[in-house]
Amino acid sequence: MSTAAILLGVEWGKLILLLGGTLIVTVVLVGGGAYLFLRVFASIMNSRRDSWESSAQKLGLLVDRSATAIYKPFSGEFNGLKFTVSHFGVMRGEHSVDDHAAVEMMMDGEVRFSFEIEKPESILLDLFDAGQPETGHDIFDKAFKVSSTDTARLNQMLHIEMFGGESPTLLTDLLLAAKRYHRVKVTDRSVIVGVRCDFGRSDIIESTIKKAAYLAGRIEEASKNTSQGIPQKEP
């Protein structure tokens, strides 16, 4: 073997060792960076989770440890009504999400017909079914998607006047709620109210619980009054 061939072999060996060393260093750096990223990410998520669950602790609510969600729902009772609190996100931009808390309050009263009134969470109102029941109140019909097995009775329930509330009618109560809360959905079984809520703000969650309970009470009262045939007052 010539001297040139020997030198060429040595150079190739050095190149292979250099490439191998570079590859090992790259793998170590990438692996170490990924590990550190995962540690930081896990630390942030754990901190957010703990902050979320701190609201349950402050309010004396029970966290559902069996749930698979990162931000586990919690439950409790308010004025004899059972409710759950869950987390949901709302896209604010391409890479950002606002945290929200939704309270679902179950109703004890027996409403004798089915209905669903829901504030849309998008501006695509034109996608609603053209044949949906209308209440005769233009502002309300534009603010909510409505369906019912008894439209006439639902209209009566929405318009009947009641005392001792934040407004004279359930219709106005729902319109006021829609202005303040991102999510408003009421049915013959439950009330759902969702609001933007930073983690750890138990005061916001508490006020939303009270609002959901208030709306549930107003629905049950309005339903009871219509079932008893109480006439509406003349305008």
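Residues numbered from 1 in each chain as written. Predicted model: local features only at pLDDT ≥ 70, side-chain atom pairs only at ≥ 80, totals over all residues. Heavy atoms only, no water.

Engineer: It is not clear to me how the overall build of the protein chain should be interpreted in this structure. Could you clarify?
Structural biologist: Helix and strand content of the protein chain: 5 helices and 8 strands. For the protein chain, the α and β elements follow one another from N to C terminus as α-β-β-β-β-β-α-β-α-α-β-β-α. Here the protein chain holds 235 residues, and 37% of them are scored as buried. In the protein chain, once contacts between residues fewer than 6 apart in sequence are set aside, the share between residues at least 24 apart is 61%. (Helix = DSSP H or I, 4+ residues; strand = E, 2+ residues; numbered from the N terminus. Buried < 20%, exposed > 50% of the residue type's maximum accessible area, 1.4 Å probe, protein only. Contact = heavy atoms within 4.5 Å.)

Engineer: Mind showing me how you'd approach the confidence of the model for the protein chain here?
Structural biologist: Detail in the predicted coordinates should be disregarded across regions flagged by low pLDDT. Per-residue pLDDT for the protein chain averages 80, and the proportion of residues at 70 or more is 71%. Across residues 124-128 the pLDDT falls below 50, and counting only partners more than four positions away or on other chains, this stretch makes 5 contacts in the model. This model gives residues 229-235 a pLDDT under 50, and the stretch forms 8 contacts once residues within four places in sequence are excluded. (pLDDT = per-residue confidence, 0-100.)

Engineer: I would appreciate a short explanation of the pattern of salt bridges in the present structure.
Structural biologist: Once their charged atoms are close, side chains differing in charge can pair, the charge on each being opposite to the other. The full count for this structure, using the stated rule, is 7 salt bridges. Ionic pairing is found between Lys211 and Glu166, a salt bridge with its closest N-O pair at 2.8 Å. With a gap of 45 residues between them, Lys211 in helix 5 (residues 202-227) and Glu166 in the loop between helix 3 (151-159) and helix 4 (170-180) connect regions that are remote in the sequence. A salt bridge links Asp173 to Arg218, with the shortest nitrogen-to-oxygen separation between them at 2.6 Å. Residue Asp173 is found in helix 4, and its partner Arg218 is found in helix 5; the two are separated by 45 residues along the sequence. (Salt bridge = Lys/Arg side-chain N within 4 Å of Asp/Glu carboxyl O.)

Engineer: So what exactly am I meant to see when it comes to the side chain of Lys72 here?
Structural biologist: Topologically, Lys72 is positioned in the loop between strand 1 (62-63) and strand 2 (74-78). Buried and unpaired, Lys72 has Glu53 as its nearest opposite-charge partner, separated by 6.3 Å. Looking at Lys72, its side chain comes within polar contact range of the main-chain oxygen of Ala67, at 2.5 Å. When residues no more than four places from it in sequence are discounted, the contact partners of Lys72 are Trp52, Glu53, Val63, Asp64, Arg65 and Ala67. (Lys, Arg positive; Asp, Glu negative; His and termini not counted. Polar contact = N/O pair within 3.5 Å; in protein donor to acceptor, adjacent residues only side chain to side chain.)

Engineer: Help me understand the side chain of Arg218, please; the structure alone is not making it clear to me.
Structural biologist: Judged by its relative accessible area of 3%, Arg218 is buried. Of the polar contacts made by the side chain of Arg218, one reaches the side chain of Asp173; its length is 2.6 Å. The residues contacting Arg218, other than those within four sequence positions of it, are Met162, Phe163, Gly164, Gly165, Ser167, Pro168, Thr169, Leu170 and Asp173.

Engineer: What is the right way to look at unusual backbone geometry in this model?
Structural biologist: Phi is positive for Asn79, close to 50°, though the residue is something other than glycine. When its relative accessible area of 68% is taken as the criterion, Asn79 is described as exposed.

Engineer: Please clarify how the environment of Met162 should be interpreted in this entry.
Structural biologist: With respect to the helices and strands, Met162 occurs in the loop between helix 3 and helix 4. As for Met162 and Glu221, which are separated by 59 residues in sequence, their C-alpha atoms are 8.1 Å apart. Apart from the residues within four sequence positions on either side, Met162 is in contact with Ser167, Pro168, Thr169, Leu170, Arg218, Glu221, Ala222 and Asn225.

Engineer: Whenever I open this one, the packing of aromatic side chains confuses me. Can you help?
Structural biologist: Note on aromatic pairs: each is described by the distance of the centres and the angle between the planes. Taken as a whole and judged by the stated rule, the model has 5 aromatic pairs. Here the aromatic rings of Tyr71 and Phe199 are separated by 4.9 Å at their centres, their planes lie at 40°, and the arrangement is tilted. Here Tyr71, found in the loop between strand 1 and strand 2, pairs with Phe199, found in the loop between strand 8 (190-196) and helix 5; they are 128 residues apart in sequence, far enough to count as distant. Of the two residues examined, Tyr71 and Phe199, each falls in the buried class. Every member of this aromatic cluster is reached through a ring pair, and the members are Trp52, Tyr71, Phe74 and Phe199. Arg183 extends its terminal NZ or CZ atom over the ring of Phe88, reaching a point 3.7 Å from the ring centre. (Phe/Tyr/Trp six-rings, centres within 6.5 Å; stacked < 30°, edge-to-face > 60°. Lys NZ or Arg CZ within 6 Å of the ring centre and 35° of its normal.)

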